[in-house]
Amino acid sequence: MSHLSERPEKPVVGVSMPHESAVLHVTGAALYTDDLVHRTKDVLHAHPVQVMKAHGRITALRTAPALAVPGVVRVLTGADVPGVNDAGMKHDEPLFPDEVMFHGHAVAWVLAETLEAARLGAAAVEVELDERPSLIALQDAIAANSFHGARPVMLTGDVEAGFADSAHVFTGEFQFADQEHFYLETHAALAYVDEAGQVFVQSSTQHPSETQEIVAHVLGLHSHEVTVQCLRMGGGFGGKEMQPHGFAAIAALGATLTGRPVRVRLNRTQDLTMSGKRHGFHAEWKIGFDADGRIQALDATLTADGGWSLDLSEPVVARALCHIDNTYWIPNARVAGRIAKTNKVSNTAFRGFGGPQGMLVIEDIMGRCAPLLGLDPAQLRERNFYREGHSTPYGQPVLHPERISAVWQQVQDNGGTAEREREIAAFNAAQPHTKRALAITGIKFGISFNLTAFNQAGALVLIYKDGSVLINHGGTEMGQGLHTKMLQVAATTLGIPLHKVRLAPTRTDKVPNTSATAASSGADLNGAAVKNACEQLRERLLQVAATQLGSNASDVRIADGVARTLGSEEELAWDDLVRTAYFQRVQLSAAGFYRTEGLHWDAKTFRGSPFKYFSYGAAAAEVEVDGFTGAYRIRRVDIVHDVGDSLSPMIDIGQVEGGFVQGAGWLTLEDLRWDVTDGPDRGRLLTQAASTYKLPSFSEMPEEFHVTLMENATEEGAVYGSKAVGEPPLMLAFSVREALRQAAAAFGPEGVGVELASPATPEAVYWAIQAARRGDASRDGGVRDGGVRARSAASGHAPDGQAADGGIRTDAEALSGA
């Protein structure tokens with residue numbers, strides 16, 4: 001076993017314990033960025049001047065009326081920026097734009113004594129606009145050839161030969177929705193300048209170092225003149241990886257110009273209309289299977305809705321391409337990616353970071369094609385699993401592919417799926433207006449940042465004379481339990497009780513140049529860095545203990561806060577050991593560092609091994625659907641998930657549960673709508689609140705919910721044998737969508753491939769049921785430009801009026817006589 005993954009005796013990791021701030025959360029004592037306003041004197045409040053048009057060049061910006069509003073102190077515009085007027089890492093996001101690029105774009109900010117005065121001042125600012133045509137719908141951007149950023153292509157094998165060897169070839173299109181993060185805490189920042197000119201920013205950010213970098217270049221400062229701190233976030237989900245930087249820069253600019261603290265805190269409507277979402281995607285695909293249902297070739301184009309600027313769209317698309325295979329071996333593949341430029345908010349990172357979009361495409365294909373191949377969907381999926389010796393389409397060997405089958409089998413055993421399938425069949429036969437279905441789906445998700453340089457982390461660990469320990473690391477806490485795991489890692493490595501370790505807020509002046517807490521890598525990277533720092537300290541203390549105990553350092557062990565020599569009864573308490581070390585002038589602080597080894601990636605050729613390892617999981621979901629309305633309920637969900645040897649089982653189970661529910665929300669409920677008419681509100685987000693944007697709640701939770709962590713799953717080369725947990729469970733929710741598809745199909749005859757929109761709202765399920773009842777599945781269930789069209793590989797075309805291999809044609813094809 002590797003040094004990094006090996007656990008000592010009596011480890012604190014692996015013990016189930018509550019979140020380190022759980023009591024603070026439930027009592028309301030936990031402080032968030034905006035809570036600090038009430039502890040800060042003379043704070044000014046910032047309010048955005050939003051332009052409610054989708055696209056246009058600013059011809060006049062008059063701020064004088066705002067300055068006449070009582071309480072208004074200053075209006076920030078582009079003329080006030082002493083450095084670079086840009087809030088993005090791609091330099092395509094002006095902080096104060098000359099051109100409005102989406103409905104609700106902020107062009108100026110008003111600072112006032114109260115938030116209400118700032119609001120009134122913002123309303124008084126006069127903006128004149130030369131309106132220009134806008135692209136709102138993803139299809140319109142594709143038709144207009146409006147793209148930006150890289151256009152990668154992933155290629156493996158001989159695609160044409162693969163299709164030639166296929167007994168069945170299907171083609172289709174699939175467009176699916178974006179998703180709002182809807183974290184409980186909206187974007188917030190509080191900035192002030194101290195007597196030495198140091199800019200200090202409290203920010204709700206997943207990436208404090210990058211927030212620091214953006215604030216510095218907006219202010220024309222060096223990074224050492226700016227400190228960013230993140231106490232904790234009330235949720236992030238990727239939405240606070242890139243997008244907090246501009247709001248922090250506004251607060252810092254205001255504080256610099258006025259000499260007073262400045263607070264930026266978006267209300268819910270502002271947050272929804274100004275911040276990016278998960279990328280919606282359009283997929284066009286062609287897939288070939290052999291006579292036994294094994295994939296022979298895939299040719300696909302994935303188009304992401306990037307919004308008005310690039311943000312993180314390029315790596316999101318790259319990860320989508322890298323995950324289109326999911327758990328399936330595809331020997332011949334050509335997958336192209338591109339980013340549509342639309343006049344909407346700039347879409348950004350969201351839990352899974354493109355992985356869910358890529359995986360959804362292949363799972364949708366499998367669900368649609370299984371009936372056409374005469375196979376049970378679970379049988380088709382299992383038949384195509386990765387096996388030993390297989391590599392991904394981008395060339396990375398798939399290690400531990402046996403875990404794909406292991407979690408798949410275990411979830412069936414745990415859920416008693418065979419018996420329940422028989423019960424479901426009997427129920428469906430007796431119930432003409434209500435149908436049930438059970439679907440099983442698996443996941444394979446790569447862990448590491450796409451950009452190799454981000455796979456590094458630092459930590460600073462301090463031991464005080466009384467034996468207490470303070471740890472600093474570069475990761476941020478957004479409710480996911482990272483800090484809890486870091487406390488456990490430090491206590492385990494030092495061999496002391498957990499109560500002796502405390503964790504400091506994340507600050508850029510303690511651990512520099514950190515990566516975002518994202519890509520599910522927070523525990524892997526920061527845990528290894530904390531462990532490294534603690535190992536340095538432990539080695540120094542072992543030398544001291546050896547001298548005191550009269551033995552060799554290699555024979556000394558520290559556990560439960562006591563140092564002992566192997567084979568001896570003599571011991572030395574931790575507090576005494578630390579005090580002795582201090583008087584011997586032994587350094588009691590250490591900076592830790594970790595870099596993920598074994599990664600290499602060529603973005604141009606789209607080849608390499610970008611991931612440290614893969615996380616695996618499987619879920620079985622049972623649903624019941626009403627044939628009159630399309631309404632449904634999730635009766636039961638069973639999950640088996642691979643987190644290696646868990647650092648903190650209770651935390652990990654909570655992450656699996658939460659990720660699954662968030663995924664189910666994306667796939668079945670959360671339906672973002674935009675005004676695509678040519679009226680005055682074109683480009684306006686229509687779902688601006690929880691009243692119109694449906695979020696999963698207790699009523700959407702499975703009636704039975706069973707989560708099991710895979711046992712005996714040590715991950716070599718990861719901190720204490722653990723694996724990432726944040727993002728992968730979200731994709732387990734594919735099982736719910738596939739169960740809904742199968743339930744809708746149960747209303748019709750055998751062998752019909754049912755199309756289902758995403759999100760699969762009750763309305764979408766109803767239309768899928770209607771199509772199944774007709775036995776043609778020509779209705780697309782709400783999928784725009786959807787449909788599967790099959791052809792005979794031998795003839796190269798389908799018979800008139802019918803697609804070969806039992807395939808499906810779209811309504812448009814039928815009407816046109818195609």
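Please refer to the structure placed before this passage.
Now for a description of the structure that goes with this document.

### With respect to the sheet that holds strand 4 (residues 99-100)
Strand order in the open sheet formed by three strands is 4-2-6, and the pairing between neighbours is antiparallel. Each of the sheet's edge strands pairs with one partner strand only, and the pair in question is strand 4 and strand 6 (126-131). Sheet topology places strand 2 (residues 56-62) next to strand 6; six bridges connect them, and they run antiparallel. Within strand 6, the residue paired with I58 across the bridge is L129.

### Things to note about the pattern of salt bridges
Side chains carrying opposite charge are able to pair once their charged atoms draw close together. If you walk through the whole model with that rule in mind, you get 50 salt bridges. The salt bridge partner of D671 is R673, with a shortest N-O separation of 2.7 Å. If you follow the salt bridges from partner to partner, you end up with E363, D364, R368, R381, R737, E738, R741 and E755 in one network.

### Some thoughts on helix 15 (residues 522-549)
A rise of 1.5 Å per residue sets the reference length of helix 15, with its 28 residues, at 40 Å; its end C-alpha atoms lie 38 Å apart and thus fit the reference within 8%. Judged by how many residues are buried, helix 15 sits mostly within the fold: 20 of 28 residues are covered. One or two residues past the end of helix 15 sits G550, with phi positive at roughly 70°.

### Some points on the side chain of T348
As for its placement among the helices and strands, T348 is situated in the loop between strand 15 (333-341) and helix 10 (355-369). In this structure T348 comes out as buried when scored by relative accessible area, which is 1%. Excluding residues within four positions of it along the chain, T348 makes contact with H181, G238, G239, M242, Q243, G276, K277, R278, H279, D311 and L312.

### What about the sheet that holds strand 19 (residues 501-503)?
Taken together, the four strands give an open sheet; going across it, the order is 19-18-17-24, and neighbouring strands pair in mixed fashion. On the outer flanks of this sheet lie strand 19 and strand 24 (589-595), each paired with one strand and no other. Averaged over neighbouring strand pairs, the angle between their axes works out to 25° when direction is ignored. Here strand 17 (residues 456-463) pairs with strand 24 via seven bridges, running antiparallel. Within the sheet, the bridge partner assigned to L462 lies in strand 24 and is S589.

### Details of the pairing of strand 15
Where strand 7 (residues 153-156) meets strand 15, four bridges bridge the pair, whose relative direction is antiparallel. Across the sheet, T156 pairs through a bridge with A333, a residue of strand 15. Strand direction decides the pairing type here: strand 14 (residues 295-307) and strand 15, joined by nine bridges, are parallel. By the bridge assignment for strand 15, T301 is matched with A336. You can see the chain leave strand 14, run along helix 9 (residues 313-322) and come back into strand 15, and the turn it takes is right-handed.

### Quick word on the packing of helix 15 against helix 16 (residues 574-583)
At their nearest, the axes of helix 15 and helix 16 sit 10 Å apart, and the two run at 100° to each other. On the basis of the axis angle, helix 15 is roughly perpendicular to helix 16. Contacts from L541, V544, A545 and Q548 in helix 15 reach W574, L577, T580 and A581 in helix 16. When grouped by side-chain class, the residues that make up the contact of helix 15 with helix 16 number six nonpolar, two polar and no charged.

### Quick notes on unusual backbone geometry
Residue S758 is joined to P759 through a cis peptide bond whose omega torsion reads 15°. By the element assignment, P759 lies in the loop between helix 18 (734-745) and helix 19 (762-774). In this structure, D42 is a non-glycine residue whose phi angle is positive, near 60°. Along the chain, D42 falls in the loop between helix 1 (22-27) and strand 1 (44-51). On the basis of relative accessibility, which here comes to 46%, the residue D42 falls in the partly exposed class.

### With respect to the environment of T156
Structurally, T156 can be placed in strand 7. Separated by 178 residues in sequence, T156 and R334 have C-alpha atoms that sit 6.6 Å apart. Beyond its immediate stretch of four places on either side in the chain, T156 contacts I330, P331, N332, A333, P393 and R607.

### Focus on helix 7 (residues 244-258)
For helix 7, which comprises 15 residues, the first-to-last C-alpha distance of 21 Å matches the rise-based estimate of 21 Å (1.5 Å per residue) to within 8%. For helix 7, the tally of buried residues reaches twelve of 15 residues, placing the bulk of the element in the interior. Restricting attention to buried positions, one finds in helix 7 the residues P244, H245, G246, F247, A248, A249, I250, A251, A252, L253, G254 and A255. At the exit of helix 7 stands G259, carrying a positive phi of roughly 75°.

Conventions used here
- Residues numbered from 1 in each chain as written.
- Predicted model: local features only at pLDDT ≥ 70, side-chain atom pairs only at ≥ 80, totals over all residues.
- Heavy atoms only, no water.
- Pairing = 2+ DSSP bridges.
- Helix = DSSP H or I, 4+ residues; strand = E, 2+ residues; numbered from the N terminus.
- Salt bridge = Lys/Arg side-chain N within 4 Å of Asp/Glu carboxyl O.
- Expected span 1.5 Å × (residues − 1).
- Buried < 20%, exposed > 50% of the residue type's maximum accessible area, 1.4 Å probe, protein only.
- Contact = heavy atoms within 4.5 Å.
- Axes fitted to C-alpha atoms, helices over the stretch in contact; angles between N-to-C directions.
- Right-handed = clockwise from strand over helix to strand, strands pointing away.
- Parallel < 35°, antiparallel > 145°, perpendicular 65-115°, else oblique.
- Nonpolar A, V, L, I, M, F, W, Y, C, P; charged D, E, K, R; others polar.

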